[in-house]
Amino acid sequence: MNKNIFFIFISVVISLCVMNSCSYEEDRLKVNVDHIKVDLKIDRMEKDLFENSKNAKSKHQFLLKKYDKLYQYFFGFTIGAGDPFATNSHGRLNEFTQDSTMNLFYNEISKNFKDFSKYKHQLTGAFKHYKYYFPDSTIPKVTTFYSNFEHKVLEIDDRLAIGLEMFLGKENALIKQLPNIYPQYLKNKMENQFLVSNVIYGFLYNRFYESLGNDFISNILSYGKVIYLLEAMLPESAKHILMTYTKEELDWCIKNETNIWEYIIDQEILYSKDAKIIHNFTSEGPTTKGLPSESPSRVGVWMGYQIIKDYMIKNNIELTALLKEKNINNILKSYQPNE
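Because the structure is predicted, anything quoted here is derived from the model rather than measured. (Residues numbered from 1 in each chain as written. Predicted model: local features only at pLDDT ≥ 70, side-chain atom pairs only at ≥ 80, totals over all residues. Heavy atoms only, no water.)

Student: I'd like a description of the side chain of Asn219, backed by residues and values.
Tutor: Among the secondary structure elements, Asn219 is positioned in helix 10 (residues 216–233). Judged by relative accessible area, Asn219 falls into the buried class, the value being 14%. Among residues more than four places away in sequence, those in contact with Asn219 are Tyr209, Gly213, Asn214 and Ile278. (Helix = DSSP H or I, 4+ residues; strand = E, 2+ residues; numbered from the N terminus. Buried < 20%, exposed > 50% of the residue type's maximum accessible area, 1.4 Å probe, protein only. Contact = heavy atoms within 4.5 Å.)

Take a look at the structure:
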């Protein structure tokens, strides 16, 4: 065979293999859930708070009955109004709902999320996938509310609550005016495109996050499992949305995956138990400390997801089996950066 033709042949074979691998990676979690019934109802607690025409006492009792422990938590801790069962509790509720600042935020929430149908549709799809993999599971009551910038997602009893003000968008005038305790990198993640993935991530984290150990690799794989589960529930979502990244941030991670891995190995981070290093690679921030300033935060979580993904694909592992796998070396031995 002519030498040039041979090299062309080899290049074509390699290209086809890469294309097939990519295709398999994209399709592996796209399952048919059309037959699964999920009747998702969305309660709007913020509307019941601000638009309910009942007098304060009747409204307070109505909210206690309808939202139970979620409202008790909201009343006592979110808005700091004290004991929800105290004799003057309805007066504290009235003070809150008449506050001009609170009404500004409610008006923005109402304007931006008046029609919640597209989010309901996406959440319904995610819960259909959840029922596909976990058929005996129950679906929570989804509730929107004003969390006073405390929670993107809060789960109490059978309610999964969404703090809508946390998704008003970085360009929203009220978000821009937030004090410095909300730095810009947090405001950047307050986009409504992240709402569904953040909600489902919180739901999955509460059920499936399990620490595999106290060293670096154990931590990033523990988070990586949850991100992989998130992808299974939202297989049509863009990868950067799953990570709460911009496209540019995800592109940086993909382009630098080998460099990141080499840094982790060279700096002997992989099995480090240094809590500060682990925190730097897994927590929110303007960047990942230790890596170039162009890096996004939580690069360790993204790396954990990459390792989990390689393990799942190369070993053809079922999703539910992933949850039972606790051997770090079994997972790690399948990983090759940028493969």
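Structure shown, so let's carry the discussion forward.
Student: Before we move on, can you summarise the pattern of salt bridges with the specific residues and values?
Tutor: If you walk through the whole model with that rule in mind, you get 16 salt bridges. In this structure, Arg44 engages Glu46 in a salt bridge whose closest nitrogen and oxygen atoms are separated by 2.8 Å. The same class applies to Arg44 as to Glu46, namely buried. Between Lys66 and Asp48 there is a salt bridge whose closest N-O contact spans 3.0 Å. On the criterion of sequence distance, the pair formed by Lys66 in helix 3 (residues 56–78) and Asp48 in helix 2 (residues 45–50) is long-range, its members being 18 residues apart. Judged by relative accessible area, Lys66 falls into the partly exposed class, the value being 32%. The network of salt bridges with shared partners includes Asp43, Asp48, Lys66 and Arg159. (Salt bridge = Lys/Arg side-chain N within 4 Å of Asp/Glu carboxyl O.)

Student: Would you mind going over helix 15 (residues 299–315) in detail, with residue names and values included?
Tutor: Each α-helix turn comprises 3.6 residues. Residues three or four places apart therefore point the same way. In this model, helix 15 (17 residues) spans 24 Å end to end at C-alpha, consistent with the 24 Å of a helix rising 1.5 Å per residue. Taking burial as the measure, the 17 residues of helix 15 include 14 buried ones, the bulk of the element. (Expected span 1.5 Å × (residues − 1).)

Student: Tell me about the packing of aromatic side chains, residues and numbers included.
Tutor: Under the defined criterion, the tally for this structure stands at 27 aromatic pairs. Taking 6.0 Å as the distance between ring centres and 50 degrees as the angle between the ring planes, the aromatic pair formed by Tyr71 and Phe75 counts as tilted. Remark: Phe75 and Tyr71 occur in helix 3; sequence separation between them is four residues, near one turn of the helix. Owing to a relative accessible area of 0%, Phe75 belongs among the buried residues under this scheme. Ring centres of Trp261 and Tyr335 lie 4.9 Å apart, and the angle between their planes is 75 degrees; this geometry places the pair in the edge-to-face category. Here Trp261, found in helix 13 (residues 257–266), pairs with Tyr335, found in the segment after helix 17 (328–332); they are 74 residues apart in sequence, far enough to count as distant. On the accessibility criterion, Trp261 (15% relative accessible area) is buried. Linked through ring pairs, Phe50, Tyr71, Phe74, Phe75, Phe96, Phe105, Tyr106, Phe145, Tyr146, Phe149 and Tyr182 together constitute an aromatic cluster. (Phe/Tyr/Trp six-rings, centres within 6.5 Å; stacked < 30°, edge-to-face > 60°.)

Student: Give me the lowdown on the packing of helix 6 (residues 117–133) against helix 9 (residues 195–208), citing residues and values where you can.
Tutor: Where helix 6 meets helix 9, the axes come as close as 9 Å, and the angle between the chain directions of the two elements is 30 degrees. Our classification of the angle between helix 6 and helix 9 gives roughly parallel. Our pair here, helix 6 against helix 9, has a crossing hand that is right-handed. Contact residues: Tyr119, Gln122, Leu123, Ala126, Phe127 and Tyr130 in helix 6; Leu195, Val196, Val199, Ile200, Phe203, Leu204, Arg207 and Phe208 in helix 9. (Axes fitted to C-alpha atoms, helices over the stretch in contact; angles between N-to-C directions. Parallel < 35°, antiparallel > 145°, perpendicular 65-115°, else oblique. Left-handed = near helix turned anticlockwise from the far one by under 90°.)

Student: How would you sum up the pairing of strand 4 (residues 159–163)? Please name residues and give values.
Tutor: With five of five residues buried, strand 4 lies mostly within the body of the structure. Taken together, the four bridges between strand 3 (residues 153–156) and strand 4 define a ladder with antiparallel strand orientation. Looking at strand 4, one finds that Ile156 is bridged to Arg159. Between strand 3 and strand 4, which pair antiparallel and follow one another directly, the connecting turn spans two residues, one of which, Asp157, has a positive phi of 55 degrees. (Pairing = 2+ DSSP bridges.)

Student: An account of the pairing of strand 2 (residues 141–145) is requested, with residue identities and associated values reported.
Tutor: Remember that side chains alternate between the two faces of the sheet whenever the strand is regular. Taking burial as the measure, the five residues of strand 2 include four buried ones, the bulk of the element. Here strand 1 (residues 42–44) pairs with strand 2 via three bridges, running parallel. Bridge pairing in strand 2 places Ile42 opposite Val142. Where strand 2 and strand 4 come together, five bridges link them in parallel fashion.

Student: Describe the environment of Lys120, and please don't skip the residues or the numbers.
Tutor: Tracing the sequence through the fold places Lys120 in helix 6. For the pair Lys120 and Lys41, spaced 79 residues apart in sequence, the C-alpha separation works out to 8.2 Å. The residues touching Lys120, leaving out its near neighbours within four places in the chain, are Leu40 and Ile42. Within the structure, Lys120 has its side chain in polar contact with the backbone oxygen of Leu40 (distance 3.3 Å). (Polar contact = N/O pair within 3.5 Å; in protein donor to acceptor, adjacent residues only side chain to side chain.)

Student: Break down helix 5 (residues 100–112) for me, citing the residues and quoting the values.
Tutor: Its 13 residues place the ends of helix 5 19 Å apart at the C-alpha level, agreeing with the 18 Å of an ideal helix rising 1.5 Å per residue. Every buried residue of helix 5 is listed here: Met102, Phe105, Tyr106, Glu108 and Ile109. The arc enclosing the buried residues of helix 5, seen along the axis, measures out at 160 degrees, which places them on a common side. Pointing more than 90 degrees away from the buried face of helix 5 are the exposed residues Ser100 and Lys111. Along its buried surface, helix 5 packs onto helix 2, helix 4 (89–98) and helix 7 (173–176). Its side-chain oxygen at 3.0 Å from the backbone nitrogen of Thr101, Asp99 defines the N-terminal cap of helix 5. (Arc of directions from axis to C-beta.)

Any functional reading would require information beyond the geometric quantities listed.
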